[in-house]
Every structure is written in C-alpha cells, then in structure tokens.
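# Fold and geometry: a report
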Protein chains: 2
Amino acid sequence: MRLQSYARAYPSPRESLFVSSAPTVYDVAARSGVSIATVSRVYRNPDSVRAETRERVLTAARALGYVPSGNARGLASRSTGILGLCFPDYSDPDTEATEAEDEDAAMLYSDQIIRGMERAARRHGYALLIAASLKGGPESLVAKVAGRVDGFAALARTVPTEDLEVISRRQPVVMLAGPREGTDHLDHLDHIEVANFDGQKELTRHLIEDHGLRRLAYIGSAEESPDVEARFRGYLEACRDGRLNVGPEPDLRVRMMRQADGARAVDALCAPDRERPEALVFANDQMAVGALHALEKRGLRVPEDMAVTGFDGIPLSRLVRPALTTVHQPMLRMGEEAVELLVKRLSGARDTEPVSLMLPVTVVRRDSCGCGKGEVAHTDIP
Amino acid sequence: MRLQSYARAYPSPRESLFVSSAPTVYDVAARSGVSIATVSRVYRNPDSVRAETRERVLTAARALGYVPSGNARGLASRSTGILGLCFPDYSDPDTEATEAEDEDAAMLYSDQIIRGMERAARRHGYALLIAASLKGGPESLVAKVAGRVDGFAALARTVPTEDLEVISRRQPVVMLAGPREGTDHLDHLDHIEVANFDGQKELTRHLIEDHGLRRLAYIGSAEESPDVEARFRGYLEACRDGRLNVGPEPDLRVRMMRQADGARAVDALCAPDRERPEALVFANDQMAVGALHALEKRGLRVPEDMAVTGFDGIPLSRLVRPALTTVHQPMLRMGEEAVELLVKRLSGARDTEPVSLMLPVTVVRRDSCGCGKGEVAHTDIP
DNA sequence: GTGAAAGCGCTAACAG
DNA sequence: CTGTTAGCGCTTTCAC
C-alpha cells in the first residue's frame, strides 16, 4: 500500500523551486535497499547499524534531499526536544524603535526572559518555541504551544488559569511572575516570581526617609495583576512605616501601563485643582517614561519639582533623561531558572512537590528621584 | 482496535502530578458521543458544528484535560504555523551579564534578529522556533528546526551550505547576512544582507578625510566570513581613495572576534617594535570593546592617542567609555524582513524568483573616533 | 544487524 | 451537520 511511494518519480532539483512532496523514510529505504526501520535507526542511533549500510542510507538520503519530519518523530516518540514560552503582547507603540539607534532601548521585559530561556535551553540541548498571545483566541495560543513542546513557561495572565491547570496535568509548566493564586488549584505548577513587595517597599522607603518626601502618589493598573498588587502593598507598608497618610487604593489606576498612560497620569495627578504630589511612584518603567515626557512638556522639572520612579529596570530606564530610578527585575535569570525547573521535571522529578522561587530585585537609584547627578547606587532586595 | 482508548480509566486530577497518557480525540469523542471527526472540527472550524454538539465536545474535552497534539496535527495537515531561526552560538563569556544592570548591555546581534522575527511572526499569526547551533552535530540543528517549521531563516554559516540547498528544495528558507556565494547553488534561497561594504567604506573615509588619520590598521577574522570580507573590501577602497598605502590583507586576523581577541589585537599591533597605528578599525564591536579596555590598561588614550572603531552597533557600543564609533546594522529590521519573505513564499509565491535584499546601515560617529564629546552623528548608508 | 507490523493523534476527503 | 476511512512519516517492539 505504500507502493505509490516506492514508485514515486524523483523530479530533478531544478524542476520546480519546491518539490511537491518531500521524501520520506520510505523513499530513502527504497533507494538504499533497506527497510524503513533501518533508515530510522541511522538517524536515531547510528551505531546500531553496520557502517556500510549506514553509508548507503546516508547517501540515498542526501541524494533525495531527505529531512526527517519533526512532527512524525514527535508523534511516534512522544517528545519534541522543545521547550516553550507563552507571553502576552506587551508591545508599546510609543516604545517601538523609530530611529535605528533606539532599537535596543525598546527591549522589553519579555525579551529578557526569552534571552534567558534560550540560553539555558541551549545548554540543555533544547530549542525554544516562543509565542505571544495576540488579540485572537487565547485558547489557540496555549494549545499551539502546549501541543508542540515537552514543557513550557507562561507569563502570568497570558493563559487562562484553568487552561494551565488542565495542561499542567499532562506536562511540566512553570508560571512566571504572577504569584500563585488561590493556592487551591494550580498545585501542579512550578512557579517563579520576583520580590515585588520588598522592592517597591524599599524604593518607597528611600523616597520617604532619604529624600524626605511626604506627598506620594501611586499609579497602578486597572487590570488585575498580582505583581502590581504586590508592589502596591509594598508601597503601602513603606508609607505606613513612614507615618504617611495613605488610603487603601492607588491614587490612580490606568488601563495598559504604557507610556501614554503614564502621560495621562500626569494630567490627572497634576491638575490645577489639586495639590501636586512630590513624587509619582509608577508600577512600571514604561509609564514612568511617559510621565517624564509629559512633565517636561508642562515645564515641571524632575526631580526638583517632582520625583518619578518606575519598576522593571528596562534598558530604556537608563537612557532617558533624567535617568529613571527604578527596581530592577532579574528577567534574564528568571528565564534561566524556568528552564532549569522544566528540565528537572522532564528528567525524572515529575512527581515531586511543586517548587516556588522568589527572585531578588535591585533598587537602582538614579537621577529621577533626586539622587546625585550621574551617580548610581544599587541595593539588592532582599 | 482503539477500544483500549475507549475503555481507558480516567484518573482523578490528583492521582498523580502527571497523568500517564494524555487524552486524545478518541477519548473526547467517546465521552461526548460523537465521532473523532467532529471533535477535530470543533477545534479547526467551530462554526461547522452545531452549537449544542460543540458544547458537548468542549465540555468533555475540558473534563478530560484534552489538548490537541501539535505533532499529530502537523503531520496530518502538513503545516505547523511555526517559523524557525537557526543561529550560531555567538555568546561571548566576556560580554555575559555579571551585574544586574548590565543584562541589556550583553544583547547581541542575534537577539535583535529574534526580536524582529518574533514581532513580525506574531503579526502573521506564526510562532517562532529558535535554535542556536552548539558544538554538537550541526546536522541535528537544521534537521530539528527544518523538520518542525513551515519555513525558516538561517544566519550565514550556521548550517552547512549544502544542507541548506537540500532543504530549500522542500520549504522556504531565507539566508541572513552571508552574501549569497557562488551564485551557482543556493538558487532557491531568498537572501538578506546589509551594506557591509558601503558602511565600512564610509566609516573609513570619515577617519581619513574628516579626522586626517593616515596610519590605519584593520582587524578581521581568520574564519571565512563573507560579511567580514565585504567590510574589509570597503575599508580597502576607502584607503585607496585616500591614497593610503595598504596591502591586500587585513593587518591582523583573529580567531573568534570576541573581546579577548580585541585585547590581543592591541597587544599585537601596539608592540614596541613597530610603528603604532593612529586608528584601529575592527570588524565588529565586541573586539573594539575589548581593545578599549586593553588600551586603557596600557595607558593609551582614546581617541587622542588612538582612534578605535567597531561594526554592528550593539547596545554595548554606546555604553562603553569612550562611546564607540561604529556602523549600525538594522538587525531588528532584518528579522522582520525575513519573516515577510517567508510568509510571502508560504502564501503562494513559492515559485517566483529568489529575492535578494540589501539593507542600509548607519554610520554612528561617537567619541572613540575623535568626534566631539557626547555628540553623536548618524549617516545612513547607502 | 535488520525487517515486519503496529500504531502515535490528527486531518481530510467523501459519503450520508 | 456528522461519521467513515485512509493515511501523514516516523519510532518501536518483536522476530528472524
């Protein structure tokens, strides 16, 4: 019944740019006079085939332009040698590279994770499949990735939690950055987060104690985000420790946490009818950068008239003027740790207890909080 | 004969962290009382199934924790929705991040391409599979990627040219950065390169005409690299135009073009027994950065005692002191163009003539060539 | 060492 | 709108 294959005519390489159907093990087997099993062996375990036979097969394969189908392989062997990463579409039109030189300034959060994962995956012999969720169905995203990899990492809120729960019953999954919620479901997932609370708390303490600021405003997210909430709680605690008068809610919640939202925050919080804060504490760098621009337009000086801080430590934070005081997250390391966790699960430790890591952050004091011109100080937290 | 599947017992979610065998269409079909074809339709084309039936299937799938197998899908449908990228292991131990803040300084060439491809792939609904060639068999790399994607890009010299030739008969391949050689084979490949020749020529002209330097030294690569050769030819032409006395070979060829090699180049070219050059023209940024360090150790000032230039425009080039004069390559754009080319091929234009793009570069004049402190000038080439 | 045969999980006609 | 029936290309026992 595979005779059709055996009888298939092999068009010369030049017949068309792309040949209608790619050669298979059957073609190679027929041409080299062995069975398909042997062809398979030549690729999976060369030493189990006599040298002469092996050469015959290889020669035929070369002549035919044979490339093993990863899909068929994965299907038959139930493993792919690929790790995956799902992340949300963070792209910010305002941050997109416009001038050539700014390409690297637009590096995001997720790009660092990709770099970290790629590096670690490479060390372990895995390739990396990356997929950003677009506005389309989120269902498709996870399914697409999950169905093609041996294990994967997902940035929090990329994938419906219940989907993750289901998938994690089948393969190793590590959740990135969103603290495990509920503690109830999601019990199969390994989990990595950063010290959002401690970082934001230390940064806020710095503003209050070291710079003597007392009227702070916090700009958070309207979307539910455990990370942002943790940061806000850190901010609150520092405020209370400093005996500042703060409510239980951020002074402002914006929708997307992009540059435009940061600019809008300035409009809202520096309205003429209200007392101007002494410091704008943003839940991320992108907004803070947007605010810097907006403030400049209004003729307000940073940090003299108003201090501004961010969170994340994206490359852009160091390039803007004044350079942004922020809390640096070790995203590269997070990517690496994610791979380590996945690899560990894949190589045996499948039924051990879920792991939960908390990575330390670094408070980076630059100009925008009032720390001396050009001087930079780091404090690792915790 | 699939009865085993139908009869399979479904362990409760808690029975084990990972269930032995994942549910399939057969399980979902059995549980929801439809055929496997219908299950398949629910995922591929939901509207072709009556709403009520669809819900039944979805419910069963959810209960079972069903996730479609990408491998099986790819195998049956002959397409994966994935694009690939193969790149060499560029990592440089000296550039690796040590301090948190330097994570982004370590961004390489290939990272920008990844970013560009990911972004463009996302726009077209593709995911991206990335794999760096490690010292292991190169055979495995291409095969791994090629066998799992609908089309892919390969950085020059990542993959044996003959392999590419073979594979490109089967699926779209675009070659990055290495000029098409021979013109003879490789005729199926689309190809993208940057203006290496013109960029290096303009930079060299700047050194000669604008700064009046006449004793230049070029540091190239021992490995064969069309890109580096093109740069060198640009350098040569500028030198001849300036009536400088230059031989047909670089003053030095180093092995890896890493920071350590740049430092070694300084040792070799600034030896006491020979006349010191006025400018060190490096074939890439990494070496130039290494040279900057070595020069500083020797107590030589840049640019006063010696001008230094690089090529690539990596983020690090702007962060070092003095900031490096270099030629910026639009790697992000190269990644994007690569995806556009692949997508075009995949959506019909399979048999049209191979495309060859030459992307413009930008000469970035910073401090290390003697251009005024802090001032930066750009010139786009061509 | 090599071959035969049975799937892996899904899609894709083609009937009904 | 739904079911039947073939494979997709490879790995994998189990014999020989």
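Just so you know, these numbers come straight off a predicted model, no measurement behind them. (Residues numbered from 1 in each chain as written. Chains lettered and ligands numbered in written order. Predicted model: local features only at pLDDT ≥ 70, side-chain atom pairs only at ≥ 80, totals over all residues. Heavy atoms only, no water.)

## Points about the protein's contact with DNA strand D
Our working definition: For this description, a residue counts as near a given molecule or strand if any of its non-hydrogen atoms is within 4 Å of it. In protein, a polar contact means a hydrogen-donor-capable atom and an acceptor-capable atom, both N or O and within 3.5 Å, with residues adjacent in sequence counting only if both atoms are side-chain atoms; elsewhere, any N or O pair within 3.5 Å suffices.
Taken together, 28 residues form the shell around DNA strand D, and within it Val25, Ser40 and Tyr66 of chain A together with Arg41 and Thr53 of chain B come nearest. Within 4 Å of the protein, the atoms of DNA strand D are drawn from sugar and phosphate moieties in a proportion of 62%. For DNA strand D, a base nitrogen lies 3.3 Å from a polar atom in the side chain of Tyr26 of chain A. Measuring from a base nitrogen of DNA strand D, one finds a backbone N or O atom of Ala72 of chain A at 3.4 Å.

## Considerations on the protein's contact with DNA strand C
Selection rule: We count a stretch as a helix when DSSP gives it H or I for four or more residues in a row; a strand needs E for two or more, and each element gets its number in order from the N terminus. Gly falls in the polar group here, along with every residue not listed as nonpolar (Ala, Val, Leu, Ile, Met, Phe, Trp, Tyr, Cys, Pro) or charged (Asp, Glu, Lys, Arg).
If you check the shell around DNA strand C, you find 28 residues, and the closest are Arg41 and Thr53 of chain A together with Val25, Ser40 and Tyr66 of chain B. Taking Ser35 of chain A, its main chain carries an N or O atom lying 2.9 Å from a phosphate oxygen of DNA strand C. Residue Ala72 of chain B places a main-chain N or O atom 3.4 Å away from a base nitrogen belonging to DNA strand C. Looking at the surface near DNA strand C, the elements that each hand over two or more residues are α3 (36-44) and α5 (70-77) of chain A together with α2 (25-32), α3 (36-44) and α5 (70-77) of chain B. Class assignment of the residues belonging to the surface near DNA strand C gives a composition of 13 nonpolar, 8 polar and 7 charged.

## Digging into the UniProt feature "domain: HTH lacI-type" (unreviewed entry) in chain A
Where we set the bar: UniProt positions are given in the numbering used here, feature names are shortened, and annotations may be inferred rather than shown by experiment.
The UniProt feature table records "domain: HTH lacI-type" (unreviewed entry) at residues 23-77 of chain A. What you have in residues 23-77 of chain A is 71% helix and 0% strand, and the ends, taken at the C-alpha atoms, are 20 Å apart.

## A word on the pattern of salt bridges
All names here are of chain B. As a reminder, the rule being used: Throughout this description, the term salt bridge denotes a Lys or Arg side-chain nitrogen within 4 Å of a carboxyl oxygen of Asp or Glu. Throughout this description, buried means an accessible area under 20% of the type-specific maximum (1.4 Å probe, protein chains only), exposed means over 50%, and partly exposed covers the range between.
One pass over the full model with this rule turns up 39 salt bridges over all chains. We note a salt bridge from Arg298 to Asp267, for which the minimum N-O separation is 3.2 Å. One end of the pair, Arg298, is in the loop between α12 (285-297) and β9 (307-309); the other, Asp267, is in helix α11 (residues 259-269), and 31 residues separate them in sequence. Among the residues examined, Asp267 registers a relative accessible area of 41% and is labelled partly exposed.

## Points about the pairing of strand β4 (residues 173-176) of chain B
All names here are of chain B. Where we set the bar: We treat two strands as partners when DSSP finds at least two bridges between them. A crossover counts as right-handed when, viewed with the strands pointing away from the observer, the path leading from the first strand over the helix to the second turns clockwise.
Alternating positions in β4 separate into two faces, Val173 and Met175 on one and Val174 and Leu176 on the other, with burial throughout. Two strands pair when backbone bridges link them, and strand β3 (residues 151-155) and β4 are joined in this way by 4 bridges, in the parallel orientation. Directly across from Phe152, in β4, lies its bridge partner Val173. You can see the chain leave β3, run along helix α8 (residues 161-167) and come back into β4, and the turn it takes is right-handed. Sheet topology note: the β4/strand β5 (residues 190-194) ladder contains 3 bridges and is parallel. Bridged to Leu176 within β5 is Ile192.

## A look at unusual backbone geometry
The omega torsion across Arg321 of chain A and Pro322 of chain A is -5 degrees, close enough to zero to call that bond cis. Among the secondary structure elements, Pro322 of chain A is positioned in the loop between α13 (316-319) and β10 (326-328). The linkage connecting Ile381 of chain B with the following residue, Pro382 of chain B, adopts the cis geometry, with an omega of -10 degrees. With respect to the helices and strands, the residue Pro382 of chain B is situated in the segment after β13 (377-381). Of note, Arg78 of chain A is a non-glycine position whose phi angle comes to about 60 degrees, a positive value. With respect to the helices and strands, the residue Arg78 of chain A is situated in the loop between α5 and β1 (82-88). Arg78 of chain A sits in the exposed class, given a relative accessible area of 71%. A positive phi is found at Asp312 of chain B, a non-glycine position, where the angle reads about 135 degrees.

## Digging into the nonpolar core
Formally: We call a set of buried residues a nonpolar core when its members are Ala, Val, Leu, Ile, Met, Phe, Trp, Tyr or Cys and they connect through side-chain atoms within 4.5 Å of each other. By the convention used here, residues are in contact when the closest approach between their heavy atoms is within 4.5 Å.
By size, the foremost hydrophobic cluster in this structure holds 72 residues, and its most contacted members are Leu85 and Leu176 of chain A together with Leu85 and Leu176 of chain B. Each residue touching Leu85 of chain B, except ones within four places of it in the same chain, is listed here: Ile113, Ile114, Met117, Leu128, Leu129, Ile130, Ala131, Val145, Phe152, Ala153, Leu155 and Leu176 of chain B.

## Focus on the sheet that holds strand β12 (residues 361-365) of chain B
Residue and element names in this part refer to chain B. Definition in use: Here an axis means a line fitted to C-alpha atoms, over the contact stretch when the element is a helix, while the angle between two N-to-C directions is reported on a 0 to 180 degree scale.
Read from one edge to the other, the open sheet built from 3 strands follows the order β10-β12-β13, with strand pairing classed as antiparallel. Single-partner strands in this sheet number two, and they are β10 (326-328) and β13. The mean angle between the axes of side-by-side strands here comes to 30 degrees, regardless of whether they run parallel or antiparallel. As paired elements, β12 and β13 share 5 bridges and run antiparallel to each other. Counted as the bridge partner of Val363 is Thr379 from β13. Along the sheet, helix α9 (residues 196-210) contacts β10, β12 and β13; its crossing angle with β12, the most-contacted strand, is approximately 25 degrees.

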